[in-house]
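A closer look at the structure
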Amino acid sequence: MAERKNTPKKKAAPKSRSTRKKQPSLVERGWFWLRRVIWGACFAVLGFVLLATLVYAVVPPPTTPYMLSERARIGSIKYDWTPIEQIAPVMARSAVAAEDANFCLHWGLDVNAIRDAMDRGRGGASTISQQVIKNTYLWHGRSWLRKAIEALWTPLSEAVWSKRRILELYLNIAEFDEGVFGVQAAAGHYFGVDAADLTPTQAARLAAILPAPKSRSASNPSPFVRDRTRAIISGAQTIAADGRAECFEN
């Protein structure tokens, strides 16, 4: 039987420098971790926004950033959350007639109102939905950053909250006088009644002072507030008649 010859194994050729795996530089590693941090922060913010929106779909806000700042400034505030079922329906209609007559027709941003405001060169195009986002989560004052966050957050809230819930939040956290938040506190503060017992005139007066509650009074109305009250009473009747109140009354 012939012996098997042992053939020597060929040594592998050394890898050339061009085929070796290039190690990332310090700058590349820095950019890699920076991108991870940025993406992680973005997902954390989105998660917080979604969670906060989902929570307030069912839970009354215990307070808001603006309430906290006012409490720190003046010492105490009045805030008494009241379900919308315990608020006079005419109050809801009056608020919509005064602040956002097309509340039931838009998805949070009233594009036509925004376009008109831009043409006029001034503000006034914020919908009730936008004001709820600002009052519930954000800060007051003129800021492009706040407006941008508000514009992005509002459509999400419209997708998660019903129109009735949005209006319920609005009526409860809006400021009606210095340190007076919500229609229940405002009804007692100005008229000595509960929110459920507001008359059409009282409701319209409360709605009339909403744009500038610290400089207007519902119990001692100026001629401007009286005129605005009459317009709001008429507007509330109109949206009830033409169906623009159905999204929050049914």
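What you see is a predicted model, and the numbers here were worked out from it, not measured in a lab. (Residues numbered from 1 in each chain as written. Predicted model: local features only at pLDDT ≥ 70, side-chain atom pairs only at ≥ 80, totals over all residues. Heavy atoms only, no water.)

Section: the overall build of the chain
Rules: Helix numbers and strand numbers start at the N terminus; a helix is a DSSP run of H or I with at least 4 residues, a strand a run of E with at least 2. Buried means the residue's accessible area, taken with a 1.4 Å probe over protein chains only, is under 20% of the maximum for its type, while exposed means over 50%, and partly exposed covers the values in between. Note on contacts: a residue pair is in contact if any heavy atoms of the two residues lie within 4.5 Å. What sets the accessible areas is the Shrake-Rupley method with a 1.4 Å probe; for residues, cover comes only from the shown protein chains.
The helix and strand tally for the chain stands at eleven helices and three strands. Element order for the chain, N to C, with α for helix and β for strand: α-α-β-α-α-α-α-α-β-β-α-α-α-α. Per-residue burial for the chain yields a buried fraction of 40% across its 250 residues. At a minimum sequence separation of 6, the contacts of the chain that also span at least 24 residues come to 66%. Summing over all exposed atoms, the chain offers an accessible surface of approximately 15300 Å²; the carbon and sulfur share of this is 58%.

Quick look at the packing of aromatic side chains
Rules: Note on aromatic pairs: the rings of Phe, Tyr and Trp (six-membered ring only in Trp) are paired at centre separations within 6.5 Å, and the planes decide the class, stacked below 30 degrees, edge-to-face beyond 60, tilted for the rest. Comment: the charge-over-ring label is applied if NZ (Lys) or CZ (Arg) is within 6 Å of the ring centre and within 35 degrees of the ring normal.
Summed over all chains, the structure comprises six aromatic pairs. Ring geometry for Tyr66 against Phe181: centres 5.9 Å apart, planes inclined by 75°, an arrangement best described as edge-to-face. Pair noted here: Tyr66 is in helix H2 (residues 65-74) and Phe181 is in strand S3 (residues 180-181), with a separation of 115 residues, a long-range link. Take Tyr66 and Phe181: they sit in the same class, and that class is buried. Taking 6.2 Å as the distance between ring centres and 50° as the angle between the ring planes, the aromatic pair formed by Phe103 and Phe248 counts as tilted. Residue Phe103 is found in the loop between helix H3 (89-99) and helix H4 (111-120), and its partner Phe248 is found in helix H11 (residues 246-249); the two are separated by 145 residues along the sequence. One Lys or Arg, Lys163, reaches over the ring of Phe103 and ends 4.6 Å from the middle of that ring.

Examining the sheet that holds strand S1 (residues 78-79)
Condition: Strands qualify as paired when DSSP identifies two bridges or more between them. Axis angles are defined between N-to-C directions and span 0 to 180 degrees, where every axis is a line fitted to C-alpha atoms and, for a helix, only to the segment in contact.
Taken together, the three strands give an open sheet; going across it, the order is S1-S3-S2, and neighbouring strands pair in mixed fashion. One side of each edge strand has no neighbouring strand; the edge strands of this open sheet are S1 and strand S2 (175-177). In this sheet, S3 lies alongside S1 in parallel orientation, the contact comprising two bridges. Each residue of the ladder has a partner; that of Tyr79, found in S3, is Phe181. Across the sheet, helix H8 (residues 183-191) lies against S1, S2 and S3, angled at about 10° from S2, the strand it touches most.

Here's the deal with the environment of Cys104
Structurally, Cys104 can be placed in the loop between H3 and H4. Sequence-distant contacts of Cys104, defined by excluding residues within four places in its chain, comprise Lys163, Arg244, Ala245, Glu246, Cys247 and Phe248.

Quick look at H3
When you tally the buried positions in H3, you get nine out of eleven residues, the bulk of the element. By the burial criterion, the buried members of H3 are Val90, Met91, Ala92, Arg93, Ser94, Ala95, Val96, Ala98 and Glu99. Where H3 is buried, its residues contact helix H5 (128-137), helix H7 (163-173), H8, helix H9 (200-208), helix H10 (223-242) and H11.

Concerning the state of the cysteines
Note the cut-off: When two cysteine sulfur atoms lie within 2.5 Å, the pair is treated as a disulfide.
Taken as a whole and judged by the stated rule, the model has one disulfide. The disulfide that involves Cys104 links it to Cys247, with 1.9 Å between the sulfurs. Residues Cys104 and Cys247 are joined through a disulfide that is left-handed, its torsion about the S-S bond being -75°. In this pair, Cys104 sits in the loop between H3 and H4 while Cys247 sits in helix H11, placing the two residues 143 residues apart along the sequence.

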